[in-house]
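Here's the letter readout for the chains.
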Amino acid sequence: MVFDHAPKGMLASLPIGFKKLGFATHDFFDQIADSIKGHQDYKQTQQQQLSHLLNNCVACHKVYKIDFVSN
Ligand code: HEC
């Protein structure tokens, strides 16, 4: 996985739980891409992998929020 588009220092500033969820979500997308290439069973991908993936979206949004802090 490459993060060459992230601003310098951003990754280090993020909470570890946030990063874990974020990386896991990236990995899910990679797995979905790989399995589509392998078996092309779109129904299984939609019903199982996608709903699994969406749990990560919901979990993260429930816990984390980006706030603007002015100095
Ligand atoms: C690691 C944490 C994390 C994961 C995983 C995550 N998000 Fe987010 N997402 C955020 C944060 C933080 C914001 C900014 C929301 C805020 O602070 O108001 C955001 C914002 C968004 C927004 C914009 C919402 C708005 O009000 O403009 C969308 C759309 C979105 N996410 C979709 C997704 C989808 C779809 C997934 C799963 C594939 C996902 N996100 C997974 C953290 C995450």
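Remember, it's a predicted structure, so these values are computed and weren't measured experimentally.

Draft legend 1. Broad picture of the environment of Ile32. Summarising the element assignment, Ile32 is placed in helix α2 (residues 16-39). Other than its neighbours up to four places away in sequence, Ile32 contacts Thr45, Gln49, Leu50 and Leu53.

Draft legend 2. How the structure looks around helix α3 (residues 42-63). When the terminal C-alpha atoms of α3 are compared, their 31 Å separation across 22 residues agrees well with the 32 Å that a helix rising 1.5 Å per residue should span. Where α3 bends most, at Leu50, the angle is about 30°. Listing the buried residues of α3 in full gives Thr45, Gln49, Leu53, Asn56 and Cys60. Looking at the packing, one finds that the buried side of α3 touches α2.

Draft legend 3. The arrangement of the side chain of Lys19 in detail. Positionally, Lys19 belongs in helix α2. Although Lys19 lies buried, it forms no salt bridge, and the closest oppositely charged side chain, Asp27, sits 15 Å away as judged by the N-O distance. Within the local environment of Lys19, its side chain forms a polar contact with the backbone oxygen of Leu14, the two atoms lying 3.5 Å apart. For Lys19, the residues in contact, after removing those within four places along its chain, are Leu11, Ala12 and Leu14.

Draft legend 4. Fine view of the packing of aromatic side chains. One pass over the structure, following the stated rule, counts 1 aromatic pair. Judged by centre distance (5.1 Å) and plane angle (90°), the ring pair of Phe18 and Tyr64 falls under edge-to-face. Taken together, the residues span a long stretch of sequence, with Phe18 in helix α2 and Tyr64 in the segment after α3 at a distance of 46 residues. Under the relative-accessibility criterion, Phe18 is labelled partly exposed at 27%.

Draft legend 5. Region of the structure containing the site of the ligand. In the vicinity of the ligand, the contacting residues are Phe18, Leu21, Gly22, Thr25, Phe29, Asn56, Cys57, Cys60, His61, Lys65 and Ile66. Between the ligand and Lys65 there is a distance of 3.0 Å, counted from an oxygen atom to a side-chain nitrogen or oxygen. One nitrogen or oxygen atom from the main chain of Ile66 is found 2.6 Å from an oxygen atom belonging to the ligand. At the level of secondary structure, the elements contributing two or more residues to the shell around the ligand comprise α2 and α3. It is α2 that contributes the most residues to the shell around the ligand, 5 residues altogether. Grouping the amino acids of the shell around the ligand by side-chain chemistry returns 6 nonpolar, 4 polar and 1 charged.

What counts and how
- Sequence positions are assigned chain by chain, starting from 1 and proceeding in written order.
- In keeping with the predicted nature of the model, local features appear solely for residues at pLDDT of at least 70, side-chain atom pairs appear and are counted solely at 80 or more, and the whole-chain, interface and lining totals rest on all residues.
- Excluded from the side-chain calculations are hydrogens and water; all other atoms, namely the structure's heavy atoms, are used.
- Only runs of H or I of at least four residues qualify as helices and only runs of E of at least two qualify as strands under DSSP, and these elements are numbered from the N terminus.
- Any two residues whose heavy atoms approach within 4.5 Å at even a single point are treated as in contact.
- Expected helix span is given by 1.5 Å per residue-to-residue step, counting one fewer step than there are residues.
- To get the bend at any residue, fit one axis to the seven residues that end at it and another to the seven that begin at it, then take the angle between the two axes.
- Only protein chains enter the accessibility calculation, which uses a 1.4 Å probe; a residue is then buried when its area is under 20% of its type maximum, exposed when over 50%, and partly exposed in between.
- Charge counting treats Lys and Arg as positive and Asp and Glu as negative, with His and both chain ends excluded.
- We count a salt bridge whenever a side-chain nitrogen from Lys or Arg sits within 4 Å of a carboxyl oxygen from Asp or Glu.
- Within 3.5 Å is the distance limit for a polar contact, defined as a pair of N or O atoms, with the added protein rule that one can donate a hydrogen and the other accept it, and that residues adjacent in sequence qualify only through two side-chain atoms.
- Under the pairing criterion, centres of Phe, Tyr and Trp rings, with the six-membered ring standing for Trp, must be within 6.5 Å; the plane angle then separates stacked pairs below 30 degrees from edge-to-face pairs above 60, leaving the rest tilted.
- Throughout this document, a residue counts as near a molecule or strand when at least one of its heavy atoms sits within 4 Å of that molecule or strand.
- Throughout this entry, Asp, Glu, Lys and Arg are counted as charged residues, while Ala, Val, Leu, Ile, Met, Phe, Trp, Tyr, Cys and Pro are counted as nonpolar. The remaining residues, Gly among them, count as polar.

Any link to function would need more than the numbers given here.
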